[in-house]
Amino acid sequence: SQVALQSLQNSTATITIDGLYEGLDCHVQVSKPRWDMLTAPLLRKVQASLQEYQDVHAVLLAGSGSSFLESTVSQTFPNVYRGKSSVAPQEAVALGCALHAAACLQHVTVKLTTPTHDGVVTSPVEIGIGTAEDDINILIDKGTPLPAHVVHTIGKCPSDTAIWQVQPSMKRIANLEKLPVDETVEIVVELSITGKLSVAVQGGPIT
């Protein structure tokens, strides 16, 4: 598609779709005026969507079909669009995914002293999750045989959600920062036989 778009800048381009119907290939020649006519409704929708965003500091066009959006984007954001960035366009999607994953994944590790009862190692504390001392969901009860592994799902997490020790004394163990407020979040809590308490958010590995 990128080659076809580049060809259109000069005259016409041939668009080929292999095996479009019952093994038959499709070959269509498209001129620049016809391409502009076909894409005009889409570009108007794109421009209308972009105008909803006011607080824009930089714009990076990425993808094989992004070149024909350059004029629309530069007109919509004349003060910020420069067509250049320190991020390579071919790496933008992968970099965005990595940054999003880093924001979603959190890991908390706490070391506890574990008692033994009749040869069975048990949890010395009661562990819960919540926003305040009077709003705690218990995840691991005191006296639970170890290792313990709990998966807990919560929706619309407040920004002050934290992991709490409920017994023998109430205290906040760790804050779970940057949780997505409007999404369902999966919390995995694991207490090992050696007393290592680990918490992972949104499918991250327990460390």
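Owing to the predicted nature of the structure, the values given are computational and were not obtained by experimental measurement.

**Considerations on the sheet that holds strand S6 (residues 126–132)**
Step number 1: Strand order in this open sheet of four strands is S7-S6-S9-S10, and the pairing throughout is antiparallel. Two strands bound the open sheet, and with one partner strand each, they are strand S7 (135–140) and strand S10 (171–175). Sheet twist, expressed as the mean angle between neighbouring strand axes with direction ignored, is 35 degrees.
Step number 2: As defined by bridge partners, S6 adjoins S7 across five bridges and the pair is classed as antiparallel. Bridged to Gly128 within S7 is Ile138.

**With respect to a nonpolar patch on the surface**
Step number 1: Side chains of Ile15, Ile17, Leu20, Tyr21, Leu24 and Val28 sit close together on the surface and give an oily, nonpolar patch of about 550 Å² of accessible area.
Step number 2: Listed by contribution, the elements that provide at least two residues to the nonpolar patch are strand S1 (12–21) and strand S2 (24–31).
Step number 3: Per-element tally for the nonpolar patch: the top contributor is S1, with four residues.

**Observations regarding the pairing of S10**
In summary, the side chains of a regular strand alternate between the two faces of the sheet.
Step number 1: Note: strand S9 (residues 162–167) against S10, four bridges, orientation antiparallel. Bridging across to S10, Gln165 finds its partner in Lys171.
Step number 2: Here S9 folds back onto S10 in antiparallel fashion, the turn holding three residues.

**Notes on the nonpolar core**
Step number 1: Ranked by internal contacts, the top residues of the largest apolar core, which has 18 residues, are Ile129, Ile140, Leu176, Ile187 and Val189.
Step number 2: Contributions of two or more residues to this core are made by S6, S7, strand S8 (148–155), strand S11 (184–191) and strand S12 (196–201).
Step number 3: Looking at this core element by element, the count peaks at four residues for S11.
Step number 4: Counting residues in each nonpolar core, the second largest holds seven residues, with Val59, Leu69, Val73 and Phe77 among its members.

**As for the confidence of the model for the protein chain**
Step number 1: Across the protein chain, the average pLDDT comes to 75, with 74% of residues at 70 or higher.
Step number 2: Of all secondary-structure elements in the protein chain, the lowest mean pLDDT belongs to strand S3 (residues 107–111), at 57, while S7 reaches the highest, 85.

**Overview of unusual backbone geometry**
Step number 1: Each neighbour pair has its own omega, and for Leu146 with Pro147 the value is 5 degrees, a cis peptide bond.
Step number 2: Note on placement: Pro147 falls in the loop between S7 and S8.
Step number 3: At the junction of Gln167 and Pro168, the peptide bond is cis and its omega measures out at 5 degrees in the coordinates.
Step number 4: Relative to the helices and strands, Pro168 resides in the loop between S9 and S10.
Step number 5: Phi is positive for Glu22, which is not a glycine, with a value near 50 degrees.
Step number 6: Along the chain, Glu22 falls in the loop between S1 and S2.

Conventions we followed
- Every chain begins its residue count from 1, and numbering advances along the sequence as written.
- Given that this is a predicted model, residues contribute local features only at a pLDDT of at least 70 and side-chain atom pairs are listed and counted only at 80 or more, while totals for whole chains, interfaces and linings are drawn from all residues.
- With hydrogens and water excluded, all non-hydrogen atoms of the structure serve as input to the side-chain values.
- Paired strands, as defined in this entry, are two strands with at least two bridges between them according to DSSP.
- Helix and strand assignments come from DSSP, with helices taken as H or I runs of at least 4 residues and strands as E runs of at least 2, each series counted from the N terminus.
- Interaxial angles span 0 to 180 degrees and are taken between N-to-C directions of axes, which are lines fitted to C-alpha atoms, for helices over the stretch in contact.
- Residues forming no salt bridge and having over 30% relative accessible area are the ones grouped into patches, like charges within 9 Å of each other and nonpolar side chains (Val, Leu, Ile, Met, Phe, Trp, Tyr) within 5 Å.
- Note on areas: these come from Shrake-Rupley sampling with a 1.4 Å probe, and a residue is covered only by the protein chains present in the view.
- Between Lys or Arg on one side and Asp or Glu on the other, a salt bridge is scored when a side-chain nitrogen of the former is within 4 Å of a carboxyl oxygen of the latter.
- Working definition of a nonpolar core: buried Ala, Val, Leu, Ile, Met, Phe, Trp, Tyr and Cys residues. They are joined through side-chain atoms within 4.5 Å.
- The rule is simple: take the accessible area with a 1.4 Å probe, protein chains only, and divide by the maximum for that residue type; under 20% is buried, over 50% is exposed, in between is partly exposed.
- The predictor reports its confidence for every residue as pLDDT, a score running from 0 up to 100.

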